[in-house]
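Given next are the chains, with one letter for each unit.
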Amino acid sequence: DLLAFNDVYCRLITDLREIPPEDRNTLWLGFTDPAWRRARVDWEEGMGRMVAQYRLNMAGHVGEPSWKDLVRRLSEASPEFVDMWSRRDVQGVENRAKLLMNSHVGLLRLDHTSYWIGPRSGTRVVVYTPLDEEARRRLEKLALIDFG
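Here goes a summary of the coordinates provided. (Residues numbered from 1 in each chain as written. Predicted model: local features only at pLDDT ≥ 70, side-chain atom pairs only at ≥ 80, totals over all residues. Heavy atoms only, no water.)

Some thoughts on helix 4 (residues 43–58)
- Counted at 1.5 Å a residue, the expected span for helix 4 with its 16 residues is 22 Å, and the 22 Å between its end C-alpha atoms agrees.
- Burial runs high along helix 4: 12 of the 16 residues are buried.
- Those residues of helix 4 lying buried are W43, G46, M47, R49, M50, V51, A52, Q53, Y54, R55, N57 and M58.
- Lining the buried residues of helix 4 we find helix 2 (26–32), helix 3 (34–39), helix 5 (65–77), helix 6 (79–86) and strand 1 (96–102). (Helix = DSSP H or I, 4+ residues; strand = E, 2+ residues; numbered from the N terminus. Expected span 1.5 Å × (residues − 1). Buried < 20%, exposed > 50% of the residue type's maximum accessible area, 1.4 Å probe, protein only. Contact = heavy atoms within 4.5 Å.)

As structure tokens, then:
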């Protein structure tokens, strides 16, 4: 779930302010929002990894209905999620490079780093930093765009 974000992340893919808070979940958006799907350069691999990470983290939240509810909602909304979920893959969160295609500034090569602020299955802060000068320039340009 996206609990907080800065202005640049808010518009990294779509304007997150336009998405209802209950749908501000990267797994949900990756399977159900066309803009999020288009932005992921490695959609199949990236979403498969996210599903495997969710499955691993769900083990620490089996008593929480919201975790099962997200699986139910995704299963109803996306046959691709059902296929990936049925593989039963598990994977831990890892820091890695991400490629995102932003409709305003183009391809962004970003380093994705997670910082845990509680137990490993708890809340984390994710930081994206540019991997090269072009990505830095494009993020600066994105920060200046007035989205109203």
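Brief notes about the packing of aromatic side chains
- Using the criterion set out here, one finds 6 aromatic pairs in the structure.
- Their ring planes at 55° and their centres at 6.3 Å tell us that Y54 and W85 sit as a pair that is tilted. Here Y54, found in helix 4, pairs with W85, found in helix 6; they are 31 residues apart in sequence, far enough to count as distant. The burial state of Y54 is the same as that of W85; both residues are buried.
- Cluster of aromatic residues (ring-pair linked, three or more members): F31, W43, Y54, W67, F81 and W85.
- Over the ring of W43 we find R37, and its NZ or CZ is 3.7 Å from the ring centre. (Phe/Tyr/Trp six-rings, centres within 6.5 Å; stacked < 30°, edge-to-face > 60°. Lys NZ or Arg CZ within 6 Å of the ring centre and 35° of its normal.)

What about a nonpolar patch on the surface?
- Residues V41, L99, M101 and L107 make up a contiguous nonpolar surface patch of roughly 300 Å² in combined accessible area.
- Inspection of the secondary structure assignment puts L107 in strand 2 (residues 106–116).
- We classify L107 as partly exposed; its relative accessible area is 32%. (Patch = residues over 30% accessible without salt bridge, like charges linked within 9 Å, V, L, I, M, F, W, Y side chains within 5 Å. Areas by Shrake-Rupley, 256 points an atom, 1.4 Å probe, with all protein chains shown as cover. Salt bridge = Lys/Arg side-chain N within 4 Å of Asp/Glu carboxyl O.)

Some thoughts on the sheet that holds strand 2
- Pairing is antiparallel across the open sheet formed by 3 strands, whose spatial order is 1-2-3. Of all strands in the sheet, those bounded by a partner on one side alone are strand 1 and strand 3 (124–130). Looking at each pair of strands side by side, their axes are set apart by 40° on average, direction ignored.
- Where strand 2 and strand 3 come together, 7 bridges link them in antiparallel fashion. Bridge pairing in strand 3 links S114 to V126.
- Sheet contacts for helix 7 (residues 133–144): strand 1, strand 2 and strand 3; angle to strand 2, the most-contacted strand, approximately 90°. (Pairing = 2+ DSSP bridges. Axes fitted to C-alpha atoms, helices over the stretch in contact; angles between N-to-C directions.)

Some details on the nonpolar core
- Ranked by size, the top nonpolar core spans 33 residues in total, and within it L12, L16, L27, F31, W36 and Y54 carry the most contacts.
- Elements represented by at least two residues in this core include exactly helix 1 (7–10), helix 2, helix 3, helix 4, helix 5, helix 6, strand 2 and helix 7.
- If one sorts the elements of this core by residue count, helix 4 sits on top with 6 residues.
- Not counting residues within four places of it along the chain, the set of residues in contact with W36 comprises L2, Y9, I13, T14, L16, I19, T26, L29 and G30. (Core = buried A, V, L, I, M, F, W, Y, C linked by side-chain atoms within 4.5 Å.)

Everything listed here is a matter of coordinates, which is why it stays silent on function.
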